[in-house]
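Structural overview
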Amino acid sequence: MDMSHRYVLMCKTAYELQSAWKPCNGDLCFIKAFNSFHTVWIISESYPHQWQLYDRTIYLPEDIAFYGIVWMPRAEQCIAMAEQASVPVRNIRKMQSASLHSLPPFSKEQNALQEYMQSVHNKKWINRNWSTTKYSHPAQRRNHGIQV
């Protein structure tokens, strides 16, 4: 699992990703208040938005901003979210392929996150930010007179 500074930043600034997070046991988070990584362990199925961290109970979504919690999805979680968003099968295959390999300078998690953000939200990772790509698919480019 990628725990690099770059991946933390990519996840933190992927607001669409963070707002869609539904915590599950085993999810990895970076918690800025403690400057460390932690795994989510839900206290009880009756309270799915509470989890134990050291001697504290974390309440989601209230404590996300307070503690600076950043969800860091695994590559397979990015792929599952893309499937739920009805991303075309060829894009899903591209994500699966990207998530199997670490293509320098990116890790497999970074590759899968980039493919997810581009396929679902039309955003690319450029200069430490997610930037909107105006025409992400060839059909969109052709419709606007842009050569493919």
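The following refers to the structure shown. Bear in mind the structure is a predicted one, so any value in this text is a computation, not a measurement. (Residues numbered from 1 in each chain as written. Predicted model: local features only at pLDDT ≥ 70, side-chain atom pairs only at ≥ 80, totals over all residues. Heavy atoms only, no water.)

This part is about the overall build of the protein chain. Counting its regular elements, the protein chain contains seven helices and eight strands. Looking at the 148 residues of the protein chain, the share that counts as buried comes to 42%. Taking as baseline every contact in the protein chain between residues at least 6 positions apart, the subset at least 24 positions apart corresponds to 45%. Carbon together with sulfur atoms contributes 53% to the accessible area of the protein chain, which is approximately 8,800 Å² in total. (Helix = DSSP H or I, 4+ residues; strand = E, 2+ residues; numbered from the N terminus. Buried < 20%, exposed > 50% of the residue type's maximum accessible area, 1.4 Å probe, protein only. Contact = heavy atoms within 4.5 Å. Areas by Shrake-Rupley, 256 points an atom, 1.4 Å probe, with all protein chains shown as cover.)

For the rest of this paragraph, the subject is the sheet that holds strand β5 (residues 56–59). Ordered by their spatial adjacency, three strands build an open sheet running β3-β4-β5, and the pairing between neighbours is antiparallel. Of all strands in the sheet, those bounded by a partner on one side alone are β3 (42–44) and β5. For this sheet, the mean angle separating the axes of adjacent strands, direction not counted, is 50 degrees. (Pairing = 2+ DSSP bridges. Axes fitted to C-alpha atoms, helices over the stretch in contact; angles between N-to-C directions.)

By size, the foremost hydrophobic cluster in this structure holds 36 residues, and its most contacted members are W51, I69, L113 and Y116. Counting residues per element, the ones that place at least two in this core are α1 (5–12), β1 (28–31), β4 (47–53), β6 (69–71), α4 (75–84), α5 (89–100) and α6 (108–121). (Core = buried A, V, L, I, M, F, W, Y, C linked by side-chain atoms within 4.5 Å.)

Time to look at the packing of α1 against α6. Running from amino to carboxyl end, α1 crosses α6 at an angle of 20 degrees, the nearest separation of the two axes being 10 Å. By the angle between their axes, α1 is roughly parallel relative to α6. The hand of the α1/α6 crossing is left-handed. Contacts between α1 and α6 involve R6, Y7, M10 and C11 on the former and, on the latter, E109, Q110, L113 and Q114. Tallied by class, residues from the contact of α1 with α6 come to four nonpolar, two polar and two charged. (Parallel < 35°, antiparallel > 145°, perpendicular 65-115°, else oblique. Left-handed = near helix turned anticlockwise from the far one by under 90°. Nonpolar A, V, L, I, M, F, W, Y, C, P; charged D, E, K, R; others polar.)

Turning next to the pairing of β5. With four bridges connecting them, β4 and β5 associate as antiparallel partners. Looking at β5, one finds that Q50 is bridged to Y59. From the end of β4 to the start of β5, which pair antiparallel, there are two residues, and Y54 there has a positive phi angle of about 55 degrees.

Moving on, we come to α4. Listed as buried for α4 are A75, Q77, C78, I79, M81 and A82. Phi turns positive one or two residues past the end of α4, at S86, with a value near 60 degrees.

Taken as a whole, this structure holds three salt bridges when the rule is applied. R56 is the partner of D55 in a salt bridge, and the nearest nitrogen-oxygen pair spans 3.7 Å. In this structure, E76 engages R74 in a salt bridge whose closest nitrogen and oxygen atoms are separated by 2.9 Å. Overall, the relative accessible area of 28% leaves R74 in the partly exposed class. (Salt bridge = Lys/Arg side-chain N within 4 Å of Asp/Glu carboxyl O.)

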